[in-house]
Each structure stands twice: as C-alpha cells, then as structure tokens.
Amino acid sequence: MMRFENPLKRVERLKRVTARPETTDERVPPGQFVTDKFPVLHYGTVPKVNLDAWNFRVFGLVEEPLTLDWLTFRALPETTLTRDIHCVTRWSKLDTTWSGVLWRDFLRELNIRPLPNADHVMFHCEQNFTTNVSLEVLDDDDTMFAWDFNDQPLTPDHGWPLRALVPKRYFWKSAKWIRGVEFMAGDRSGFWEQNGYHMEGDPWREERFGW
Ligand SMILES: Nc1nc2c(c(=O)[nH]1)N[C@H]1C(S)=C(S)[C@@H](COP(=O)(O)O)O[C@H]1N2
Ligand SMILES: [Mo]
C-alpha cells in the first residue's frame, strides 16, 4: 500500500494522521490499535533471495569478523517465543509466534566478542535497508533472528529467509531480509531513522519521530 511512497512524504503524512481511540488494555501501547491482520510494510520491492548465494556477515567492532552461510546459520539453536508487535503506523498485533536464534545464543554459539567500545549495531539487509539498535536493547531474552512465523518459514513479503525481531521496539527495527550485523561505537541512523523516525523507537514512550 505505501511501498513506493517517498519516505519523507510518508513521515509527513503519518504525522498528520489523527490519533485513533486509545485502548486501556495494558498490552497495547498509547496510540496503537489491535489488528488480527498481518500487514506487509516495507520500502521498495520484495527481494528475490537465493539461499545458495546467501550469507550473513558479522563485522565492524568485533574481535573476529565472520561470514556464515545459510546452513550454518540455520543450524544455530532454535527458540520459539510469542510476543506482541507494534508498528509505528499504529497497528499492534498480539501473540505473534516466532522461531529462530536468540540474540544471546547467536553471540554465545559463534563466540562473537564485540570490542569494548561497541555499544550499538546496524542491521544490514537486502537492497541496502538498514536499522540501528543499541546493544543494551538487544541484550534481552526475546530479541532474535527469526526464520519461522507460526511454525512456518517466513513468507517472502515478511522477510524470508531471515528477519530480526526486536519486540520491545517499533516494528521497523525488526529488519526483514537481514544479511548482516555491524557493531559500532556510538549510534548511527538507519534507513527510516534518517528519514525522520526515532533513534530508539520505544512504543511505550511513543518514540515515533525523531523531532
Ligand atoms: N528490509 C526491510 N525491513 C523492514 C522494512 C523495510 O522497508 N525493509 N520495513 C520495516 C517496517 S517500517 C515495518 S512496519 C516492518 C513490517 O513488517 P511486516 O511487513 O512483516 O509486517 O518491517 C520492517 N522491516
Ligand atoms: Mo513501519
């Protein structure tokens, strides 16, 4: 629906959207409404991904940069969890179930050691989409790289073969078609953040826009 919209125009339009009725449900952050649908939102087109050529890069401020192929990545220990997701365009979806590798398991299993000055990451995706997240936010028990939704592989439009899941942030930080993580000293804005979205994006504080 808004796939091809200029991001700057999109932000302007979203700022004009009048507030919808708020719910008192304690699971629903302010200014959000609940939907049972699973909208598809992204900038650009759905990439065609070839698993044989797919890789995942761990780079930037880490002791040993790595490149993983799909089978190696997919063999990481799997966890399934159910969380609510909150999109900055005001829909929330409750009890979504994801399987993949937890961020903490990913670091431990691959012995990824960020350098002492690393405090943020940039997620890098197909077609140059990026989004930034702090290591503090990632260091949680429900952040993951997900390959299944409701026990089925992700569909292409929801990020197949792999997406990030950062459920305590607005859903734009849950990067689809992810291909790498870059460790950084200090924060840097990703794609939507450069186009006006907030650097943190905490739905409970309504951190929608950066200005
Ligand atoms: N690679 C990539 N990931 C992305 C985006 C994008 O444009 N490209 N959009 C984000 C935004 S703004 C949202 S709301 C969610 C939407 O995820 P969904 O399509 O699975 O609902 O994906 C996020 N991840
Ligand atoms: Mo979004």
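Refer to the structure above for everything that follows.
Please read these numbers as outputs of a predicted model, since none were measured by experiment.

What counts and what doesn't
Residues numbered from 1 in each chain as written. Chains lettered and ligands numbered in written order. Predicted model: local features only at pLDDT ≥ 70, side-chain atom pairs only at ≥ 80, totals over all residues. Heavy atoms only, no water. Near = heavy atom within 4 Å. Polar contact = N/O pair within 3.5 Å; in protein donor to acceptor, adjacent residues only side chain to side chain. Areas by Shrake-Rupley, 256 points an atom, 1.4 Å probe, with all protein chains shown as cover. Nonpolar A, V, L, I, M, F, W, Y, C, P; charged D, E, K, R; others polar. Helix = DSSP H or I, 4+ residues; strand = E, 2+ residues; numbered from the N terminus. Contact = heavy atoms within 4.5 Å. Core = buried A, V, L, I, M, F, W, Y, C linked by side-chain atoms within 4.5 Å. Buried < 20%, exposed > 50% of the residue type's maximum accessible area, 1.4 Å probe, protein only.

Observations concerning the site of ligand 1
Reasoning step 1: Around ligand 1, the structure places 19 residues, and the nearest of them are Pro 39, Tyr 43, His 158, Arg 163 and Lys 176.
Reasoning step 2: A distance of 2.9 Å is found between an oxygen atom of ligand 1 and a backbone nitrogen or oxygen belonging to Leu 41.
Reasoning step 3: Contacts to ligand 1 include Lys 176, whose side-chain N or O atom sits 2.5 Å from an oxygen atom.
Reasoning step 4: Summarising the interface, the protein chains cover 99% of the accessible area of ligand 1, which totals 530 Å² for the free molecule.
Reasoning step 5: In terms of residue class, the shell around ligand 1 is made up of 14 nonpolar, 3 polar and 2 charged.

Things to note about the side chain of Ser 92
Reasoning step 1: Turning to its location among the elements, Ser 92 is positioned in strand β5 (residues 91-102).
Reasoning step 2: Within the structure, Ser 92 has its side chain in polar contact with the side chain of Gln 32 (distance 3.1 Å).
Reasoning step 3: Contacts of Ser 92, omitting those with residues within four sequence positions, involve Val 28, Pro 29, Gln 32, Phe 33, Val 34, Thr 35, Ile 85 and His 86.

Quick notes on the nonpolar core
Reasoning step 1: Residues Phe 56, Phe 73, Trp 103, Phe 106, Phe 123, Phe 145 and Phe 183 are the most contacted members of the largest nonpolar core, which totals 40 residues.
Reasoning step 2: Elements with a minimum of two residues in this core: β2 (55-60), α2 (70-74), α3 (103-109), β6 (120-125), α4 (135-138), β8 (144-149), β11 (178-184) and α5 (191-194).
Reasoning step 3: Setting aside residues up to four positions removed in sequence, Phe 73 forms contacts with Trp 54, Phe 56, Leu 68, Val 101, Phe 106, Phe 145, Trp 147 and Leu 162.
Reasoning step 4: The next biggest cluster of nonpolar side chains, apart from the first, holds 14 residues, and it includes Leu 41, Trp 98, Ala 146 and Leu 165.

Points about the side chain of Gln 32
Reasoning step 1: Mapping Gln 32 onto the fold places it in the loop between α1 (7-16) and β1 (33-34).
Reasoning step 2: According to the relative accessible area criterion, Gln 32 is buried, its value standing at 1%.
Reasoning step 3: In this structure the side chain of Gln 32 is engaged in a polar contact, spanning 3.0 Å, whose partner is the backbone oxygen of Cys 87.

Structural measurements only, silent on function.
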